[in-house]
Amino acid sequence: MFEHIDAYPGDPILTLNENFQKDPRQKKVNLSIGIYFDDEGRLPVMQAVRTAEAAILEEPGPKPYLPMAGFAQYRDAVQALVFGAQCPSRTAGRIATVQTLGGSGALRVGADFIKRYFPASEVWVSDPTWENHRFIFERAGFTVKTYPYYDEATGGLKFDAMLSAIDALPPKSIVLLHACCHNPTGVDLDRAQWEQLIGVLQKRDLLPFVDMAYQGFGAGLDDDAFAVREIARRGLPALIANSFSKNFSLYGERCGGLHVVCEDAAAADRVLGQLTGSVRSNYSNPPTHGAKIVARVLTTPDLKQSWEKELAAMCERIARMRVAIHDGLRAYVSGEALSRYIRQRGMFTYTGLSADQVERLREEFGVYVLRSGRMCVAGLNDKNVGIVVDAIAKVLAH
Ligand code: LMR
């Protein structure tokens, strides 16, 4: 029956992370997966999460199914965080929001929805993008193509080429965008560029699908949502996926949301119904625990404040680590190959290291970065940054 099943080649991120766990070496360093570790190299449990969770556990009770669309209080609080509480599209009921299994779940539910209603559209992703974007949309039946994005020569953005490629797409093409902290490059559009791009999306009748997995890790919770809010403000129909894996450090709880900005409230109702149907036929309804934690934090002012403060401190630590690796590598690397460590934003830096160099880093020094050269700078700390700098220096030397 299963003779013809070929072996799964593994996932470029999650399989590498699993291999790291199995690596018996003491001095290994995990800069592969997009996870924030603290200065001690531990996965933090945020104080607001601890407090909310303790309060929830004080209220034991039955555990019914959540509604298919998710926990109502969570959906509302998440929508407010993503779009701003006073967003006119939100107050007019034009946004359909469902609770999802993390950001990936949101992408998949969204992909199934658009495949059903825009079957002829193709999906356009940045070159490069998070590897799983391609897998998710291809598995949903789409042809996935790329638009220019990262400029290897400058470690920055090929904005003009990106804009003209998007300007040439057929109407109703799906354009996948990263709201902030682009994964894997750490290179984002500035506000003026977003304005221009959104103008093109609108003029060409394109459908943006914005992935916001790192809200709060770039320029702050509100600034990072600029593109999403500007799209909503201008009344563009759009899909937005958001995640609390990173900014709540709730990876395993699979907390996310899918939001579809619609032309009017009646369309939003119908869209919500179809998303709900998609959830039902995939996994029926989402889990409760993580959603309760997030909802409690976001709707309790002192917990929300504590969460924001702790998130800001995480970003400061990442910024400090960017400076540390930049300064450490100064003796071995120069120009933009060096400055990218402090210019790029969020959890990742696209190091420009080749696949061979990456392999040597792992094999010879136990330093894990992705084959693409993506380094998760949120995995650096005062103790391991020296090890990483030495390893890179040695690999670059011969
Ligand atoms: C990453 O990019 O490393 C993270 O988003 C984890 C994942 O699921 O790939």
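- In the nomenclature of an unreviewed UniProt entry, the chain is known as Amino acid aminotransferase of Paraburkholderia denitrificans.
- Regarding the chain, the relevant UniProt record gives this comment under Cofactor (unreviewed entry): "pyridoxal 5'-phosphate".
- Its UniProt record, at the heading Sequence similarities (unreviewed entry), says of the chain: "Belongs to the class-I pyridoxal-phosphate-dependent aminotransferase family."

A short note on the UniProt feature "domain: Aminotransferase class I/classII large" (unreviewed entry) in the chain
Item 1. In the numbering adopted here, UniProt assigns the feature "domain: Aminotransferase class I/classII large" (unreviewed entry) to residues 27-392.
Item 2. From the first C-alpha to the last, residues 27-392 spans 15 Å; its make-up is 47% helix and 15% strand.

A few points about the sheet that holds strand E2 (residues 95-101)
Item 1. Pairing within the open sheet is mixed, and its 7 strands lie in the order E2-E10-E9-E8-E7-E3-E4. Two strands bound the open sheet, and with one partner strand each, they are E2 and strand E4 (144-148). Pairs of neighbouring strands in the sheet enclose a mean axial angle of 25°, with direction left out of account.
Item 2. Examined bridge by bridge, strand E9 (residues 238-243) and strand E10 (residues 255-261) share 6 bridges and lie antiparallel to one another. Bridge assignment links alanine 238 to a residue of E10, and that residue is valine 261.
Item 3. The sheet contacts of helix H10 (residues 226-233) involve strand E8 (207-212), E9 and E10, and relative to E8 the element is tilted by about 150°.

Remarks on a nonpolar patch on the surface
Item 1. Taken together, the side chains of Met1, Phe2 and Ile5 make up a nonpolar region of the molecular surface, amounting to roughly 440 Å² of accessible area.
Item 2. Position of isoleucine 5 relative to the elements: it lies in the segment before helix H1 (14-22).
Item 3. Judged by relative accessible area, isoleucine 5 falls into the exposed class, the value being 52%.

Quick word on helix H6 (residues 131-139)
Item 1. Within H6, the full set of buried residues consists of His133, Ile136 and Phe137. Projected down its long axis, H6 carries its buried residues within an arc of 90°, all on one side.
Item 2. Among the structural elements, helix H5 (102-117), strand E3 (123-127), E4, strand E7 (174-178) and E8 are those in contact with the buried residues of H6.

Calculation criteria
Residues numbered from 1 in each chain as written. Predicted model: local features only at pLDDT ≥ 70, side-chain atom pairs only at ≥ 80, totals over all residues. Heavy atoms only, no water. UniProt positions renumbered as here; feature names shortened; annotations may be inferred. Helix = DSSP H or I, 4+ residues; strand = E, 2+ residues; numbered from the N terminus. Pairing = 2+ DSSP bridges. Axes fitted to C-alpha atoms, helices over the stretch in contact; angles between N-to-C directions. Contact = heavy atoms within 4.5 Å. Patch = residues over 30% accessible without salt bridge, like charges linked within 9 Å, V, L, I, M, F, W, Y side chains within 5 Å. Areas by Shrake-Rupley, 256 points an atom, 1.4 Å probe, with all protein chains shown as cover. Salt bridge = Lys/Arg side-chain N within 4 Å of Asp/Glu carboxyl O. Buried < 20%, exposed > 50% of the residue type's maximum accessible area, 1.4 Å probe, protein only. Arc of directions from axis to C-beta.

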